[in-house]
Structures are given as C-alpha cells and as structure tokens.
Amino acid sequence: MTSENKPNILIVDDDMASNIVLEGFLYPLDYHVQIARDSENALRILDETDLDLILLDIMMPGMSGFELCEIFKSKGITEQIPVLFITSLSDSKSHKRAIECGGKGFIVKPFDEDLIRSYVTTFVGMKRMRDYYQQQLQTYSDFMAMVFHDLNNLNMVVLGNLELASYVSSRPEDLEKYIQNALFALKTTNHFMRNIQDIAKLKAVSHGMEYARIDLVEQIRSVAKLMDTEMKAKNLKIELRASVHTYVCGIGDLLFRFVLNLLDNAIKHSWPDTVIIVQMKEKKKQGIDNLDEIEVVISNQCDPIPKEYQEVLFEKFRQGPNQKERKRGTGLGLAFCKAAIEAQRGRIWVESPLLGYKTGVAIHFTIPVYNTKCEEIENDEQTWKS
C-alpha cells in the first residue's frame, strides 16, 4: 500500500498509555495514525488531513469527547468521517449520548485487540466505499451536465439554420445550404447519442473504442461547417493552415467532439470581425514509443486569460474572468477536452496572450501521426492505457 493510499486514522485521547496501546494494535494494518491529546489539536489535524476514521475518548480535560463530537456533527463531519468512541464508561446513558452526537460505535476499555482491528477495518472500508460511490455519482453528474451542454449547442445549430432558411425561401441555393447544415447537425446529434455510453467511460476508452486513421483536416472542416451559423453571427472566419501530413491516430467520435468543443469555445470568445487560425505542424515526440505527432494550434483574438486562470483552465467547473456574463456553461467543455486528448496519447495546454501581442488565446494540442508504429500500438491495449 503506497503512502498516499494509506487510510488516515486520528486517535483523540489525553491518556498516553491508551494511545500507545491503540497505535500498537493498528500497526499491523499499515495505516497512517495521528494522535491528538486535546480537542484543539484534533480540530487542527482535521483541517489539515483527509481522515478515514476518528477514535475519540470521552473523558478528557477541557472539552469532552461528546462536546467535540457535537462540533464535528455541526460541521457535517460525522456524515463524512465515522467516529468511534473509546471510553471506560459502559452505561447505556453514555452509549445513547454517543450515538446522538454522531458517533458510529462505542468501544469500552480495556481494549480487545481483535475487536479494535475489526471495528477499524470495517469502518475504514465503509468510508472508502462511500467515497468511491460519491466520486462515481459526481462523475456521472458531471458527464450528464456536459451531455446536456453539448446537446444544447447542437440544438441551437439546428434552430439557427432553420430560422435562416425561413428568411431565404426565395433563394433556393441559400435555402438548401441552411437545410443541409441543420440536417448535418441532427445527424451529428444522433451519432453523438449512440456513443454517449462509450464516451462516458473515458477510463475505458483505450480498450473499449477503436483507434483509426483520421484525416484531421477534414474533421476540422466538418466541425467548421457545423458552426457556420455561429461564425456568421459574429462575422468570423476560420483560416486553416495545414501544409503537413494530417492523418492522425485517434478515436473518431471522441476526436470529433474534442475539436467541436475547442472551436465552439474559440467562436464564443472571439471578438467580432476577426479570424480564428488553425495551424498544424509535425514534430518528433520523445519517449518510449517515439511517435511522430501533429501539434495543432487554435488561436483567436479575444481578451487574454490571466496567468492564474491558465493554470486551472482545464479543471472541471473552473471559469475565467467574465465567463459567467458570457454564459459559457458549466466549465466542463475544456475539462472534457483534456481527458479526451490524453486518452488518445495527446497533450493540451494554453498560451495567452498570443506571442508578440497583448491579447488573444491559443489552445495547443498534440496527437500522434498515423504510421506503422501507430498501427503496432493500436493493437496493444496495455500501451494505450491512460
């Protein structure tokens, strides 16, 4: 068990002899044990450490164990971290009060070694299981928020194109173009819905979805076509600079959504009447696989991102300055992009302001070029684990 994975146990007892006995009982479990001899130190350790279990004495000078547990309960701590009372008291009144103030168990001195270990391993296991399911629930909630966000974007594309079509009914060529754009968005939505379950399990991407030879230029053009209405509304243009080999090794659906999120983000935050530049360049990747890779830079003219926001830009629910006013969404789009490109053995980072300017943002990402080496790795699931 690595040190960062070791359960953290806090013993709160003013009796040094009891602390030594308990620490000795827990030593074979290879847990990380901390000791506080008063309530003040207990609260300090609680603030500094992610605890899995608290063993709390009742009879202590100053604040009693009951009073300290009441503080825990008022802060919601007893709902997250189990508290086991350790005491020489054995009357039912004390036992009842221990339960009422948030305790999950009641161990009477003198201690039984096997009983102590059973209690501790059981409650630590319950705490870890609770944390796991909470994380799974949060992941599911995050994913569903992202899904609704992306579906809403596609829905707006459909509505925007159909509205434009209704205004140009006298011009057949424009009418057909807008209807085709709406149909393309609907097909993308349908395809997206069929693949939601696969995309939800990004951890399993490397062995649950197929890598393929993808024309990255064509994929970028497809996304740009999808966003045509939004670009026209701000009089934006996309300039694609691609003079290098553009076939990459990636996961089609995942890469499409990745590009869609990045261009959607660039369009939303670009100043009107500007150009979004998408530039590609081939480079040599260092490492065991020694894969060539394409570096793509999507740059746009907009307000610069302060340094402190750049460091958290790809984290969930993080938003930069003025983004709430722009109704950017849940903050999941760029977090998804980071997970998606890393699942395809790529990297992503931000540069702001643009080199030589005081404004602008450039999102850089890399992805392996499709070649013989890529074909070998494509068939080796272990190599592609993220």
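The rules behind each value
- Residues numbered from 1 in each chain as written.
- Predicted model: local features only at pLDDT ≥ 70, side-chain atom pairs only at ≥ 80, totals over all residues.
- Heavy atoms only, no water.
- Helix = DSSP H or I, 4+ residues; strand = E, 2+ residues; numbered from the N terminus.
- Buried < 20%, exposed > 50% of the residue type's maximum accessible area, 1.4 Å probe, protein only.
- Contact = heavy atoms within 4.5 Å.
- Phe/Tyr/Trp six-rings, centres within 6.5 Å; stacked < 30°, edge-to-face > 60°.
- Lys NZ or Arg CZ within 6 Å of the ring centre and 35° of its normal.
- Polar contact = N/O pair within 3.5 Å; in protein donor to acceptor, adjacent residues only side chain to side chain.
- Patch = residues over 30% accessible without salt bridge, like charges linked within 9 Å, V, L, I, M, F, W, Y side chains within 5 Å.
- Areas by Shrake-Rupley, 256 points an atom, 1.4 Å probe, with all protein chains shown as cover.
- Salt bridge = Lys/Arg side-chain N within 4 Å of Asp/Glu carboxyl O.
- Pairing = 2+ DSSP bridges.
- Axes fitted to C-alpha atoms, helices over the stretch in contact; angles between N-to-C directions.
- Arc of directions from axis to C-beta.
- Parallel < 35°, antiparallel > 145°, perpendicular 65-115°, else oblique.
- Left-handed = near helix turned anticlockwise from the far one by under 90°.
- Nonpolar A, V, L, I, M, F, W, Y, C, P; charged D, E, K, R; others polar.

Engineer: If you had to explain the overall build of the protein to someone new, which residues and values would you point to?
Structural biologist: When its secondary structure is counted, the protein shows 14 helices and twelve strands. Relative to its full complement of 386 residues, the protein shows a buried share of 47%. Here the contacts in the protein between residues at least 6 apart in sequence split such that 71% fall between residues at least 24 apart.

Engineer: Explain the packing of aromatic side chains to me, using residue names and the numbers behind them.
Structural biologist: Using the criterion set out here, one finds four aromatic pairs in the structure. Here Phe66 and Phe85 contribute two aromatic rings whose centre-to-centre distance is 5.5 Å and whose plane-to-plane angle is 55 degrees, an arrangement assigned as tilted. Residue Phe66 is located in helix H3 (residues 65–74), and its partner Phe85 is located in strand S4 (residues 83–87); the two are separated by 19 residues in the primary sequence. A single burial state applies to Phe66 and to Phe85, both of which are buried. Taking the ring centre of Tyr247 as reference, the NZ or CZ of Arg213 above it sits at 3.7 Å. One cation-aromatic arrangement involves Lys225 over Phe184; the distance from NZ or CZ to the ring centre is 5.5 Å.

Engineer: How would you summarise helix H9 (residues 216–226) if you had to cite specific residues and measurements?
Structural biologist: For H9, every residue scored as buried is listed here: Leu216, Val217, Gln219, Ile220, Val223, Ala224 and Leu226. Between the side-chain oxygen of the N-cap and the backbone nitrogen of Val217 there are 3.1 Å, and the N-cap of H9 in question is Asp215.

Engineer: Summarise a nonpolar patch on the surface; cite the residues concerned and give the values.
Structural biologist: On the surface, Leu162, Ile179, Leu183 and Leu186 cluster together into a nonpolar patch covering about 330 Å² of accessible area. Residue contributions to the nonpolar patch peak at three residues, all from helix H6 (residues 172–194). The topology assignment puts Leu162 in helix H5 (residues 113–167). Take Leu162: its relative accessible area is 44%, and that puts it in the partly exposed class.

Engineer: Which residues make up the sheet that holds strand S5 (residues 105–108), and what values go with them?
Structural biologist: A sheet is described by the order of its strands in space; here five strands give the open sequence S2-S1-S3-S4-S5, paired in parallel fashion. Since the sheet does not close on itself, it has two edges, and those belong to strand S2 (32–36) and S5, each with one partner. Going across the sheet, the axis of each strand differs from the next one's by a mean of 20 degrees, ignoring polarity. When strand S1 (residues 8–12) meets S2, the two strands line up parallel, connected through five bridges. Within the sheet, the bridge partner assigned to Ile9 lies in S2 and is Val33. On the sheet, H3 packs against S1, strand S3 (53–57) and S4 and is oriented at approximately 150 degrees with respect to S3.

Engineer: Go over H3, please, and point to the residues and values.
Structural biologist: Residues of H3 that are buried include every one of Gly65, Phe66, Leu68, Cys69 and Phe72, and no others. In an axial view of H3, the angular spread of the buried residues amounts to 160 degrees, which keeps them on one side of the axis. The positive-phi residue at the C-terminal boundary of H3 is Gly76, with phi of around 80 degrees.

Engineer: Can you tell me about unusual backbone geometry, naming the residues and giving the values?
Structural biologist: Comment: phi is negative for the bulk of residues other than glycine, and the bulk of peptide bonds are trans. Here Lys109 and Pro110 are connected by a cis peptide whose omega angle stands at -5 degrees. Looking at where Pro110 falls in the secondary structure, it is placed in the loop between S5 and H5. In the segment running from Ser352 into Pro353, the intervening peptide bond is cis, with an omega of 0 degrees. Inspection of the secondary structure puts Pro353 in the loop between strand S11 (347–351) and strand S12 (361–368). The backbone of Asp273 shows a phi angle near 65 degrees, a positive value even though the residue is not glycine. Owing to a relative accessible area of 56%, Asp273 belongs among the exposed residues under this scheme. Of note, the phi angle at Arg345 is positive, near 60 degrees, even though the residue is not glycine.

Engineer: Can you break down the packing of H9 against helix H11 (residues 252–269) residue by residue, with the values?
Structural biologist: The interhelical angle for the contact between H9 and H11, taken along N-to-C directions, is 50 degrees, at an axis separation of 10 Å. Taken together, the axes of H9 and H11 are oblique relative to one another. Classified by chirality, the crossing of H11 by H9 is right-handed. Contacts between H9 and H11 involve Leu216, Gln219, Ile220, Ser222, Val223, Ala224 and Leu226 on the former and, on the latter, Gly252, Leu255, Phe256, Val259, Leu260 and Leu263. Considered class by class, the residues forming the contact of H9 with H11 number ten nonpolar, three polar and no charged.

Engineer: Mind laying out the packing of helix H2 (residues 39–48) against H3, listing which residues take part and the relevant values?
Structural biologist: The N-to-C vectors of H2 and H3 enclose an angle of 25 degrees; their axes lie 11 Å apart at closest approach. In this view, H2 runs roughly parallel relative to H3, as classed from their interaxial angle. Once H2 is placed against H3, the crossing between them reads as right-handed. On the side of H2, the interface is formed by Ser39, Ala42, Leu43 and Leu46, while H3 contributes Leu68, Ile71 and Phe72. Its residues assigned to classes, the contact of H2 with H3 shows six nonpolar, one polar and no charged.

Engineer: Can you lay out the environment of Lys6 for me, pointing to particular residues and giving the numbers?
Structural biologist: Mapped onto the elements, Lys6 comes out in the segment before S1. By relative accessible area, Lys6 is classed as partly exposed at 23%. Along the sequence, Lys6 and Leu29 sit 23 residues apart, while their C-alpha atoms lie 9.5 Å from each other.

Engineer: Can you explain the pattern of salt bridges? Please cite residues and give values.
Structural biologist: In this structure the tally under the stated criterion is 16 salt bridges. Glu48 serves as the salt-bridge partner of Arg44, at 3.2 Å between the closest nitrogen and oxygen. Taken as a pair, Arg44 and Glu48 lie in helix H2 at a separation of four residues, close to a single helical turn. With a relative accessible area of 40%, Arg44 lands in the partly exposed category.

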